[in-house]
Amino acid sequence: MEVLKKNIHMYRQAKRAVSQITLEEDFNVPDAKPDVEQIIQSKAKTVIGNTRSEAGRFLLKGHVQVSVLYMDDTEGRQIHRLDTQLPFDEYINMEGLEPGETVSLKCEIEDLNVVMINSRKLSMRGLLTFTAVTDEIYDMSAAVEAKSEIRLCQKKKRLEFMQLEVQKKDIIRIKNEILLPSNKPDIQEILWENVQLRSCEIHVQEGKLAVEGELFVFVLYNGQDENGTKQWLEHTLPLRGEVEVSGCTDTLVPDVGVNLAQIELQVNQDMDGEERLIRLEGTLDLDMKLYALAEMDILDDIFSPERELEVFSREEVYENMVMRNQSRVRASGRIRVEETKPRILQICNSQGTVKIDEVQMTETGIQIDGAVLVEILYVSADDTMPFAVMEGSIPFSHSADIPGLDDNCRYTLNAGLEQLSTTMADSEEIEVRASVAMNLFVVRPNRQMCIADITEKELDLEKLTKLPGIVGYIVQDGDCLWEIARTYYTTPERIMELNHLEKQEVKKGDHLIIMKELGGMSVNP
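Treat the numbers as computed from the prediction; the structure is a model and nothing was measured.

1. Some points on the overall build of the chain
Counting its secondary structure elements, the chain contains 3 helices and 22 strands. The C-alpha atoms of the chain give a radius of gyration of 34 Å, which is well past the 24 Å a tight globule of 525 residues would have. With respect to the three principal axes, the spread of C-alpha positions in the chain is 120 × 50 × 45 Å. The burial tally for the chain puts 45% of its 525 residues in the buried class. Working note: accessible area of the chain is about 27300 Å², and carbon and sulfur atoms make up 42% of it. Positive and negative side-chain charges in the chain, numbering 58 and 93 respectively, have mean positions lying 4 Å apart.

Next comes the structure, spelled out in structure tokens:
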């Protein structure tokens, strides 16, 4: 007997481990830098150097790049930038990890705090969270048809599933330029910068995947004017990039993670030889999974009135899409200046980070709670401290209605800032309005017993002779024509023919005439 099979390509997260380390490092102000009078703002990013997979654990080395904007203790209260690197050497326990196995790593810094120990020494505290994941691509195999010289009764079952068509990681290179407005002085030195990706959208096209969005750029710099004034610039750059993806079509369903990686700003000369051109270079990291929504009829059951069939089945796992939900959540609130901070004279820059605090599956869908963490750099009304930073949290809550959700479902949530606006309510309070993009991808794993192989055996003649050649049968509760035909070594079609039935459905109390068959021939008593 020939058993025809089909394979379905599937993706699953094979291993996952989370590790946290507390960073507590002191570092000195370089000799070339003046003393620190007041810290204005700080930021940090993780740079991964070397990684290695070993048996049961994942090793990684790298450093945290810390940047500090501070005011010195001179009469002019000048502003300076300090950069330092804090190395780390850690390992993450991952049960079942094999040497050389590929691991995807995500790093997040929380609760960053840089404080003064004295004018020449600073202390950095923060929580570094590593999430390590391994992916597995596997095939679900199922019989779809059997062929033989003997007569077969085959029952099919339709499966709706997601098939992984593309699994790929790639980058989009970013290169752009910003020319200073004519009313701004030339750049002497960039003191602080901030680049954020906003309003990111994914478009699946024939043979490629496109990313669109905006880069929101902020630069604080020393001007080359007589007084060396502090200048700032906010600029929005349109972003569009494409990557070639073999096998990609516009019918595929995307599950794509986008991360703005290293971004570098460099001051260049314009056409007139003046330091007025800011060149921006960096990369977007893409983690792409593209799925096809498909249907397939698999072989659910089989028997023959001519031979005994031994069916070998195994449990397979497939997934179907529950929902792909794209929504926008609005968050608003007010942030008040701390009593120890100077009053607000003018807002320079506002930046926001979306933090998801809790995701819960409910009876009606998924409940998402989080906040937009806002940092606002402003010009103060205090001449002794010209710049200051205020921080705040704007909470939001979102409920995604997903019919049929259960605990077995898995989801991918990509949340990003779409819009952020801040306006002064007065010199002590700022009104914040934000829009958060929520991209939710929900799938359900399903378990299915699939026929893997079928063998033929001779009929049990002793058992056959005990069965009458013709039977008058009264349908019982729970009976179906398929099982009745299997029991009496005939076919559902033959029972329908003998009893002049137009469909296979029967109900309790129906009377049927059944004739046993051997080798395709009816056996008369």
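There's more to say after this.
2. Thoughts on the sheet that holds strand 11 (residues 253-269)
If you walk across this open sheet you meet the 3 strands as 7-12-11, and the pairing is antiparallel. A strand with exactly one partner marks an edge of an open sheet, and here the two such strands are strand 7 (153-179) and strand 11. The sheet shows a mean angle of 5° between the axes of neighbouring strands, taken without regard to direction. As paired strands, strand 7 and strand 12 (residues 275-303) are joined by 26 bridges and run antiparallel to one another. Note on strand 12: the bridge partner recorded for Phe161 is Ala294.

3. Let's talk about the nonpolar core
Counting residues in each nonpolar core, the largest one holds 45 residues, and the members touching the most others are Leu220 and Phe387. Per-element tally for this core: the top contributor is strand 15 (residues 365-380), with 8 residues. Those residues in contact with Phe387 that lie beyond four places of it in its chain are Ile40, Ile79, Leu220, Lys230, Trp232, Cys348, Leu377, Tyr378, Val379 and Ser380. Ranked by size, the runner-up nonpolar core spans 34 residues in total, among them Ile178, Val195, Ile263 and Met288.

4. Digging into the layout of surface pockets
Each pocket or cavity is described by its volume, and for the second largest pocket that value is around 270 Å³. Taken together, Arg12, Tyr138, Val317, Glu319, Asn408, Arg410, Pro445, Asn446 and Arg447 make up the lining of the second largest pocket. Among the secondary structure elements, those contributing two or more residues to the lining of the second largest pocket are strand 13 (308-336) and strand 18 (429-457). The biggest single contributor to the lining of the second largest pocket is strand 18, with 3 residues.

5. Concerning the sheet that holds strand 4 (residues 79-93)
Spatially, the 3 strands line up as an open sheet ordered 2-3-4, and their pairing is antiparallel. The open sheet has two edge strands, strand 2 (38-54) and strand 4, and neither has a second partner. Mean inter-strand twist for the sheet, computed between neighbouring axes without regard to direction, equals 15°. Where strand 2 lies against strand 3 (residues 57-71), 14 bridges are found, and the strand directions are antiparallel. Across the sheet, the residue bridging to Ile39 is Tyr70, located in strand 3.

6. Comments concerning the confidence of the model for the chain
Chain-level pLDDT for the chain is 91 on average; 98% of the residues reach the 70-or-more range. Across residues 520-525, confidence stays below pLDDT 50; counting only partners more than four residues off in sequence or on other chains, it has 14 contacts.

7. Focus on the pairing of strand 14 (residues 344-361)
Successive side chains on a regular strand alternate, one facing one side of the sheet and the next facing the other. Judged from the 15 bridges that link them, strand 14 and strand 15 form a sheet pairing that is antiparallel. Counted as the bridge partner of Gln360 is Gln367 from strand 15. A loop of 3 residues connects strand 14 with strand 15, the two strands running antiparallel in sequence.

8. Describing the packing of aromatic side chains
One pass over the full model with this rule turns up 5 aromatic pairs. Ring geometry for Tyr291 against Phe441: centres 5.7 Å apart, planes inclined by 20°, an arrangement best described as stacked. With a gap of 150 residues between them, Tyr291 in strand 12 and Phe441 in strand 18 connect regions that are remote in the sequence. Using a relative accessible area of 2% as the deciding quantity, one classes Tyr291 as buried. Where Phe303 meets Trp482, the ring centres are 4.9 Å apart and the plane angle is 75°; that geometry is what we call edge-to-face. Pair noted here: Phe303 is in strand 12 and Trp482 is in helix 2 (residues 481-487), with a separation of 179 residues, a long-range link. A cation over an aromatic ring shows up here: Lys289 above the ring of Tyr11, its NZ or CZ 4.7 Å from the ring centre.

Cut-offs used in this document
- Residues numbered from 1 in each chain as written.
- Predicted model: local features only at pLDDT ≥ 70, side-chain atom pairs only at ≥ 80, totals over all residues.
- Heavy atoms only, no water.
- Helix = DSSP H or I, 4+ residues; strand = E, 2+ residues; numbered from the N terminus.
- Rg over C-alpha atoms; globule rule 2.2 N^0.38 Å.
- Buried < 20%, exposed > 50% of the residue type's maximum accessible area, 1.4 Å probe, protein only.
- Areas by Shrake-Rupley, 256 points an atom, 1.4 Å probe, with all protein chains shown as cover.
- Lys, Arg positive; Asp, Glu negative; His and termini not counted.
- Charge placed at Lys NZ, Arg CZ, Asp CG, Glu CD.
- Pairing = 2+ DSSP bridges.
- Axes fitted to C-alpha atoms, helices over the stretch in contact; angles between N-to-C directions.
- Core = buried A, V, L, I, M, F, W, Y, C linked by side-chain atoms within 4.5 Å.
- Contact = heavy atoms within 4.5 Å.
- 1 Å grid on protein atoms, 1.4 Å probe; cavity = no way out; pocket = protein on both sides within 12 Å on 5 of 7 lines; lining within 4 Å.
- Points joined across faces, edges and corners; volume = space filled by probe spheres on them.
- pLDDT = per-residue confidence, 0-100.
- Phe/Tyr/Trp six-rings, centres within 6.5 Å; stacked < 30°, edge-to-face > 60°.
- Lys NZ or Arg CZ within 6 Å of the ring centre and 35° of its normal.

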